[in-house]
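# Chain and residue survey
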Amino acid sequence: MIGPADDFPVHQTHEPIRFAGTSDRRFYDRYFFTGHRCAPDLFFMIGVGVYPNLGVIDAFGSVALGSMQYSTRGSRELGDDRMNMSNIGPFNVEVIEGLKKLRIWCEPRPDQAVHFDLEWNGAVPAFEEPPILQRVLGRVMEQATRLIQTGSWTGYIVCNGERIELDPETSWGARDRSWGVRSIGLEREPKGIQQAKNASSERTSLWMWAPMQFNDHTIHFSLSEFADGRREIETVRRMKSFGKDGVAAPAEFLLGAEHDLRFDHETRELLDGSVSFLEPDGSRRHVKLTPLRRAYLRAGTGYGGPDPWRHGKYMGENWSDSVSYDLTDEELTAKIGPTHVLCRMETDDGHVGYGTFETQVYGAYPRYGFHS
C-alpha cells in the first residue's frame, strides 16, 4: 500500500516504505518525469536518483528543442541525510504534497545548457504498477515497486538561452517513481556465468509503456510481449482526474489489450499506429497514435550510450556539466536511443489526448518484420 511518504527517496527495499533491508549495491530510489506542451515544439525529461549503497545522489534535465537535445547533469555525495534533495549539482527537489505536488528546479550556472523552475501537479491519483521481479540463474536482477501519475507543469525552462513558459492548461506530462533493485547504471560487474550460459536470451521482444492523458482521465497502457505473442505484462488501467474536491473515482481495470503499429525498419522507431482495449460493456476502444516529437533516452541522461556518465557513478563531492546532441545526425541518434515518443492520442469516440509512448523492439519480432 503506497502513501504520501513513498514520494520521498528513503526506501530500503522494493517494498513500500515500512519494509527495509538490502545491501545490494544496485538498490536505487528514483523520480522520472516527462513534459511537453501538447505540441511538437518541446519535449523534456527530468530524473533524480538516490543510490544509498553507493553513497551517491544524482540528477539530470534533458530538453529536446529544435534540432537539438540538451542535457544538464549533477551529482554529489549522498551524505547521512536521505531527506536532503538539494544542491545535487544545480538540482533541487521539494515534495510539497506527497503524491500530488512537487517542485523541481535547476539553478543557472555558467556554461550550462539547461536550467528551470517547475512545479508538478498530479492530474490523477498515483497508482502502482504490478510488482516487478526478474531472476536470472536464481539471482534477483530486478525487484521494484513503481507508481505512475500524469499531471501538469507550471513554471519555465531556459534551454540554450531560450526561455519557455509552461502553462498548466497545455503543459502536461507523466512521471514514474520507482525503488528497489535494478541492473541499469552503476559500475558494471565482470562477465561471468550469465554471459557464459547466455542466460539473458529468453527475454520479451516487444515493450510498450504509455500513460495516455486526456482532459478528464488517463489510460495507462503497458505490454511486454514475446515474439510468439505470449505476454509477460499486460496492464490497461483508466484513472479519472481529481475532482474540485481533490478526490477521484477508483481505477478501472480493462482487458483485451491489442496493438497495430508501424516501425522504421532501420531505426526500429515508432512511425504510427494504434492500440486498443475492451470497454466494460465489451466494445473495443481504439486509440490512434500520431508521433509529434522524440526525446532520446541516452542523450547524456545516465542511461547508457556514448556518454561515460552513468546513474550512481561517483563523480566527487559535487559535480555538474552539460552536453548537447544534434538530432539530425542519424549515426549519433542510433547510439542514444531508445526514444520516448510524444504522441497525439485520439480515441475512436472523439477524445484527444497526449502523452509518452515508449516502445522498444528487441531482436526478432516477425509480426512487425523484424527477423533477428
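One structure accompanies this document, and this report is about it. (Residues numbered from 1 in each chain as written. Predicted model: local features only at pLDDT ≥ 70, side-chain atom pairs only at ≥ 80, totals over all residues. Heavy atoms only, no water.)

### What to know about the layout of surface pockets
Put simply, the second largest pocket is a space of about 570 Å³. Lining of the second largest pocket is provided by 20 residues; of these, Thr-267, Glu-269, Tyr-296, Thr-333 and Thr-339 occupy positions nearest its centre. Sorting the residues of the lining of the second largest pocket by element identifies strand E18 (284-296), helix H2 (330-336) and strand E21 (352-361) as the ones contributing at least two each. A breakdown of the residues in the lining of the second largest pocket according to their chemical character gives six nonpolar, seven polar and seven charged. (1 Å grid on protein atoms, 1.4 Å probe; cavity = no way out; pocket = protein on both sides within 12 Å on 5 of 7 lines; lining within 4 Å. Points joined across faces, edges and corners; volume = space filled by probe spheres on them. Helix = DSSP H or I, 4+ residues; strand = E, 2+ residues; numbered from the N terminus. Nonpolar A, V, L, I, M, F, W, Y, C, P; charged D, E, K, R; others polar.)

### Remarks on the pairing of strand E15 (residues 231-240)
Here strand E14 (residues 217-225) runs beside E15; their pairing, made up of nine bridges, is antiparallel. Paired with Ile-219 across the two strands is Arg-238, which belongs to E15. Between E14 and E15, which follow one another and run antiparallel, lie five residues, and Gly-229 among them has a positive phi close to 100°. Here E15 runs beside strand E16 (residues 252-263); their pairing, made up of three bridges, is antiparallel. If you follow Val-236 over to E16, its bridge partner there is Leu-254. (Pairing = 2+ DSSP bridges.)

### Some points on the sheet that holds strand E20 (residues 339-347)
An order of E13-E14-E15-E16-E17-E18-E20-E21 is seen for the eight strands of this closed barrel, with the pairing classed as antiparallel. Going from strand to strand, the sheet's axes swing by 25° on average, the running direction of each strand aside. (Axes fitted to C-alpha atoms, helices over the stretch in contact; angles between N-to-C directions.)

### Examining the packing of aromatic side chains
What the rule picks out here adds up to 14 aromatic pairs. Taking the centre distance of 5.1 Å and the plane angle of 65° together, the rings of Trp-120 and Trp-153 count as edge-to-face. You can see Trp-120 sitting in strand E7 (residues 114-122) and its partner Trp-153 sitting in strand E10 (residues 139-159), a full 33 residues away along the chain. Trp-120 sits in the buried class, given a relative accessible area of 0%. Among the residues examined, Trp-153 registers a relative accessible area of 0% and is labelled buried. For the pair Trp-172 and Tyr-354, a centre-to-centre distance of 6.3 Å together with 75° between the ring planes defines the contact as edge-to-face. Placement of Trp-172 in strand E12 (residues 172-181) and of Tyr-354 in strand E21 is noted, with a sequence separation of 182 residues between them. The buried category is assigned to Tyr-354, whose relative accessible area is 15%. Taking NZ or CZ as reference, Lys-100 lies 4.8 Å from the ring centre of Phe-242, over its face. Taking the ring centre of Tyr-31 as reference, the NZ or CZ of Arg-177 above it sits at 4.3 Å. (Phe/Tyr/Trp six-rings, centres within 6.5 Å; stacked < 30°, edge-to-face > 60°. Buried < 20%, exposed > 50% of the residue type's maximum accessible area, 1.4 Å probe, protein only. Lys NZ or Arg CZ within 6 Å of the ring centre and 35° of its normal.)

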